[in-house]
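Notes for the structure review
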Amino acid sequence: MLRAILLGPPGAGKGTQAAKLVEKYSVPHISTGDIFRKNIKEGTELGKRAQEYMNKGELVPDDLVIEIATSRLLEDDCKDGYLLDGFPRTVHQAEELDKFLQAHGSKLDYAINVAVEKEALITRLTGRRVCEKCGAGFHIVNLQPKVEGVCDECGGKLIQRADDTLETVENRIDVYEKQTMPLIQYYEKAGNIVNVNGDQELDKVFADIVSALGE
Ligand code: AMP
C-alpha cells in the first residue's frame with residue numbers, strides 16, 4: 001500500500017521514478033500531464049482546453065485539474081493506493097486534495113520531493129524524448145535508446161514533447177518556482193515529506209526513495 005505524491009521541478013525525473021515506484025508497490029500511476037496529453041491526442045474538449053495552457057508552459061486552471069485528479073482517485077484500482085505524479089502543483093490543489101481524501105476517510109502517506117538544481121533542469125528537459133506510442137522516456141545524452149529515434153520498449157517513434165522547447169521550459173521552471181515550490185513547506189508542515197536528492201544516477205535516486213519510505 002502506498003498513497004503518495006511526487007513533487008519536484010519539471011525535469012527532476014518524476015516520470016522515470018514514478019514508473020519504477022508503481023512497479024515496486026503495485027499501485028496505479030496517476031499523471032495529470034499524461035491525462036491531458038492523452039486528451040489532446042484524442043482531440044477531446046478537455047484536451048483543447050488544457051492545450052492552450054500547456055503549450056505556453058503554464059498551469060491548467062486548478063478547478064479543471066482538481067476535478068480530473070479526484071475523479072480518477074475514485075476509480076476502483078486506487079482503493080489500495082496510488083502514486084500521483086504532477087498533482088498537486090499549487091497550494092490550492094493540495095488543500096482540495098486533502099479535503100477530498102479526508103471526506104473519504106483517507107490521507108496521504110508521503111509527499112516525495114525529488115530535488116534538482118535549476119541549472120541541470122534545462123539540459124535535462126530540452127534533451128528529453130518520449131515514445132509517441134507507449135510514452136517511455138529517453139534522453140539524447142543521459143538515456144539514449146539503442147537505436148536513435150526508436151523506442152527500446154515498443155519500437156515506436158521518439159518525439160520531443162511540445163512543451164520541452166527552450167522557451168516553454170524556461171517558463172515551466174519559473175511557474176514551478178512561483179506556484180509549486182510552496183508545496184514543499186506545505187508538506188513539511190504536514191509532516192509527511194520525504195526529501196530525495198535527484199541529482200544522482202536514476203537507480204540511486206530510486207534506492208533513496210525506497211529506503212526513505214522504509215521498505
Ligand atoms: P507534466 O507532464 O506533469 O510535466 O505536465 C505537463 C503540463 O500539464 C504542465 O506544464 C501543465 O501545463 C499541465 N499540468 C499537469 N498537471 C497539472 C496540475 N496539477 N496543475 C496544473 N497544470 C498541470
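Along each chain, the written sequence defines residue order, and numbers are assigned to residues from 1. In keeping with the model being predicted, local features are shown solely for residues with a pLDDT of at least 70 and side-chain atom pairs are shown and tallied solely at 80 or more, while totals for entire chains, interfaces and linings include all residues. To get the side-chain values, take all heavy atoms of the structure and skip hydrogens and water.

Focus: the confidence of the model for the protein
Reading predicted coordinates in detail is not appropriate for stretches of low pLDDT. Each residue carries a pLDDT score, the predictor's confidence in it, ranging from 0 to 100. Overall, the prediction assigns the protein a mean pLDDT of 95, with 100% of residues at 70 or greater. Secondary structure elements are taken from DSSP: a helix is a run of H or I of four residues or more, a strand is a run of E of two residues or more, and numbering for both begins at the N terminus. When mean pLDDT is compared element by element in the protein, helix 5 (residues 91-103) scores highest at 98, while helix 6 (residues 118-126) scores lowest at 90.

Side note on the layout of surface pockets
It is a probe the size of a water molecule, rolled over the atoms, that shows where empty space is left. Grid points spaced at 1 Å and placed over the protein atoms alone form the basis of the search, with a cavity being a set where a 1.4 Å probe fits but cannot get out and a pocket an open set showing protein on both sides within 12 Å along at least five of seven lines. Lining residues have an atom within 4 Å of a point. Grid points are joined across faces, edges and corners, and a volume is the space filled by probe spheres set on the points. Computed from the structure, the second largest pocket encloses a volume of approximately 220 Å³. In terms of lining residues, the second largest pocket is bounded by Arg-3, Leu-73, Leu-74, Glu-75, Cys-78, Lys-79, Tyr-82, Phe-100, Leu-101, His-104, Gly-105 and Ser-106. Grouping the amino acids of the lining of the second largest pocket by side-chain chemistry returns six nonpolar, three polar and three charged. In this classification, the charged set is Asp, Glu, Lys and Arg, the nonpolar set is Ala, Val, Leu, Ile, Met, Phe, Trp, Tyr, Cys and Pro, and all remaining amino acids, among them Gly, are polar.

Thoughts on unusual backbone geometry
A cis amide bond links Phe-87 to the next residue, Pro-88, at an omega of -5°. Mapped onto the elements of the fold, Pro-88 is located in the loop between strand 3 (81-85) and helix 5. A positive phi angle is found at Ser-26, which is not glycine, with a value near 50°. Locating Ser-26 in the fold gives a position in the loop between helix 1 (14-25) and strand 2 (29-31). For each residue, the accessible area found with a 1.4 Å probe, counting protein chains only, is set against the maximum for its type, and the residue is called buried under 20%, exposed over 50%, and partly exposed in between. Exposure remark for Ser-26: the relative accessible area of 64% places this residue in the exposed category.

A short note on the site of the ligand
Definition of nearness: a residue and a molecule or strand are near each other if at least one heavy atom of the residue lies within 4 Å of the molecule or strand. Taken together, 16 residues surround the ligand, and among them Thr-32, Arg-37, Glu-58, Gly-86 and Gln-93 come closest. Throughout this description, a polar contact denotes any pair of N or O atoms lying within 3.5 Å of each other; where both atoms belong to protein, one of them has to be capable of donating a hydrogen while the other can accept it, and for residues adjacent in sequence the pair is counted only when both atoms sit in side chains. Here an oxygen atom of the ligand and a backbone polar atom of Glu-58 are 2.6 Å apart. The separation between a nitrogen atom of the ligand and a polar side-chain atom of Gln-93 is 2.9 Å. For the ligand, the protein covers 96% of the area, taking 480 Å² as the surface of the free molecule. Examining the composition of the shell around the ligand, we find that four residues originate from one element, helix 2 (residues 32-42), more than from any other. Residues that form the shell around the ligand fall into these classes: six nonpolar, four polar and six charged. In this description, accessible areas are obtained by the Shrake-Rupley approach with a 1.4 Å probe, and a residue is regarded as covered only by the protein chains that are shown.

Here's the deal with helix 3 (residues 45-54)
Buried residues of helix 3: Leu-46, Gly-47, Ala-50 and Met-54, and no others. Down the axis of helix 3, the sector holding all buried residues measures 90°, keeping them to one side. We call two residues in contact whenever any of their non-hydrogen atoms come within 4.5 Å of each other. Buried-residue contacts for helix 3 involve helix 2, helix 4 (62-73) and helix 7 (166-180). By definition, the arc is the one covered by directions from the helix axis to the C-beta atoms.

Points about the sheet that holds strand 8 (residues 193-197)
Paired through their backbone hydrogen bonds, the strands of a sheet run either parallel or antiparallel. Ordered by their spatial adjacency, five strands build an open sheet running 2-3-1-4-8, and the pairing between neighbours is parallel. Every interior strand has two partners, whereas the edge strands, strand 2 and strand 8, have only one. Averaged over all pairs of adjacent strands, the angle between their axes in this sheet comes to 20°, without regard to strand direction. One requirement defines pairing of two strands: DSSP has to find at least two bridges between them. The pairing of strand 1 (residues 2-7) with strand 3 spans five bridges and is classified as parallel. For Ile-5, the partnering residue across the bridge sits in strand 3 and is Leu-84. Here an axis means a line fitted to C-alpha atoms, over the contact stretch when the element is a helix, while the angle between two N-to-C directions is reported on a 0 to 180 degree scale.

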